[in-house]
Amino acid sequence: EASPSHQKMLAVRRLVVASVVACLLCPAADALVTVRGGEMAMLHSAGGLATRGRSATSLQPHESTSSSAARPRNQHRVAIAAPLTIRGGAASNAGPPASGGGFNMGSVLAFTKAQILPIGLLWAIVFGLSYPSAGVAFGGLPIVKYAPHSIFFVGGLLLRTREAREAVRAYKAILFGVTSILFFTSFIGVQTVKLLPLPVRDFSIGAALFVCMPCTIQSGAALSLKAGGNFALSLLITVLCSTGGIFTVPFVLDRIADIGGGISLPVKDMILKLIETALLPLIAGKLAASSSKKVKSLVTNNRFYLSLFVTFCVVITPWVQISRSASNGVFNLVSASDVTGIVALLSLTHTLFLCFTYFGSRFLGLTTSMQKSVVFVGSSKTLPLALMVLSVLPARIGDKGLIALPCILGHFTQIIMDSFLVSAWKKSTEEEEDDESD
């Protein structure tokens, strides 16, 4: 018979798997193509062009862009290949059926491509909990250690000089982003935790500790890059907040969260780590792209594969972290109801952060690319610094193993939520640009 700790672990795994399946099934409905009476509707997340009550004409290879200008406004070209439709056990490439439904492989592939980041992160959670030994073994490879460096190196390759100039001049975005990360979101998060305390006091302390942290060094900037944000602005805000947070976190924990106790952090080591992880790889990538036309051409022609590599680097880090936590028995300490409560609370706080930074950046009149940078960087909280601060807090604060759990779950929750937002926001922006070009 299974031990109580093993039963708890199985319950947590079932809860996570059920959540993952629900997250996948809801947006997967968008990947279906519905055809009724010659009317084709391809939903946004499948990457299609929705046309209702209009005739759709296929894009021919020999058509030029000039010929599209003479095309009537009520006709649209659908630049997709004839999808593979499976009906009654038979497959064909003849395009969508004249009537009835079917399984459209092209739409599913388009959906997978658009949602590759959230799908990868959900896979990391399920696989990390189910087979932690694989993630622990993979964590010993050099690629995991240098994944953050790789993200910023690719960011340097893709960095446009114009974006860097705009970022330096965007004083409103910088000031709002920095103050939001270091003070406003911390205050909002702590007040939410106090208003909705968790049943276990140590969990509430861990949640309050996590929301008082500055932004992440890696995932916030990487997500803004994938969403089409201003990467230079993301990096600038990240550097300022990661450096400033070293000095503000003790004050915020003491004055806002009441759990500081006069802690001190290794300022010099943290600044050197930031320079090594973010600044030097970024500069190296920018120099490589600027010094060689061949490299610049390769970057331009392979932006999709570079984006895919960034996704890989973002996914492997939480996979390894989850695997290590599961292997060390962290999730055996809690029940499924505890995990549900922690995730619900931290999902709420992260939603409040997203709303605050989004509407604040809209109020300031920032461009869409700068809004994305401020939102994704400004709403994220860093896990490594939270665990470092926890290690120097006095023992009387509580069970540090239980306090660490909300920090870990909060980190994964924000990445999962933001990954879906990245795909939706990027798709929405692309459609607006298409409408403007029409």
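Before reading further, recall that the structure is shown in the block above.
Moving on: the packing of aromatic side chains. Each aromatic ring pair is specified by the distance between its two centres and by the angle formed by the two planes. Taken as a whole, this structure holds 12 aromatic pairs when the rule is applied. Ring geometry for Phe-127 and Trp-319: centres 6.0 Å apart, planes at 50 degrees, overall tilted. Here Phe-127, found in helix H4 (residues 116–130), pairs with Trp-319, found in helix H15 (residues 303–327); they are 192 residues apart in sequence, far enough to count as distant. Here a set of aromatic residues connected by ring pairs shows up, and it is made of Trp-123, Phe-127, Tyr-131, Phe-138 and Trp-319. Taking NZ or CZ as reference, Lys-381 lies 5.5 Å from the ring centre of Phe-353, over its face.

Considering all chains together, one arrives at 3 salt bridges under this definition. When the shortest N-O distance is used, the salt bridge between Arg-160 and Glu-163 registers 3.6 Å.

Bringing the environment of Thr-277 into the picture now. Here Thr-277 shows up in helix H13 (residues 267–291). Its relative accessible area of 7% is what places Thr-277 among the buried residues. Distance from Thr-277 to Phe-153, taken between C-alpha atoms, is 9.5 Å for residues 124 residues apart in sequence. Setting aside chain neighbours within four positions, we find Thr-277 in contact with Pro-148, His-149, Phe-152 and Ile-217.

Another aspect to go through is the nonpolar core. Core analysis: the biggest nonpolar cluster contains 87 residues, and Leu-209, Met-213, Leu-253, Val-389 and Leu-405 have the highest contact counts within it. With 12 residues, the top contributor of residues to this core is helix H19 (residues 400–437). Formed by 18 residues, the second largest nonpolar core is a distinct cluster that contains Leu-182, Ala-232, Ile-237 and Val-374.

Let's shift gears to the side chain of Thr-185. Looking at the element boundaries, Thr-185 is found in helix H9 (residues 171–195). When near neighbours in sequence (up to four residues on either side) are disregarded, Thr-185 contacts Ser-180, Val-211, Phe-353, Gly-378 and Lys-381.

Cut-offs used in this document
- Residues numbered from 1 in each chain as written.
- Predicted model: local features only at pLDDT ≥ 70, side-chain atom pairs only at ≥ 80, totals over all residues.
- Heavy atoms only, no water.
- Phe/Tyr/Trp six-rings, centres within 6.5 Å; stacked < 30°, edge-to-face > 60°.
- Helix = DSSP H or I, 4+ residues; strand = E, 2+ residues; numbered from the N terminus.
- Lys NZ or Arg CZ within 6 Å of the ring centre and 35° of its normal.
- Salt bridge = Lys/Arg side-chain N within 4 Å of Asp/Glu carboxyl O.
- Buried < 20%, exposed > 50% of the residue type's maximum accessible area, 1.4 Å probe, protein only.
- Contact = heavy atoms within 4.5 Å.
- Core = buried A, V, L, I, M, F, W, Y, C linked by side-chain atoms within 4.5 Å.

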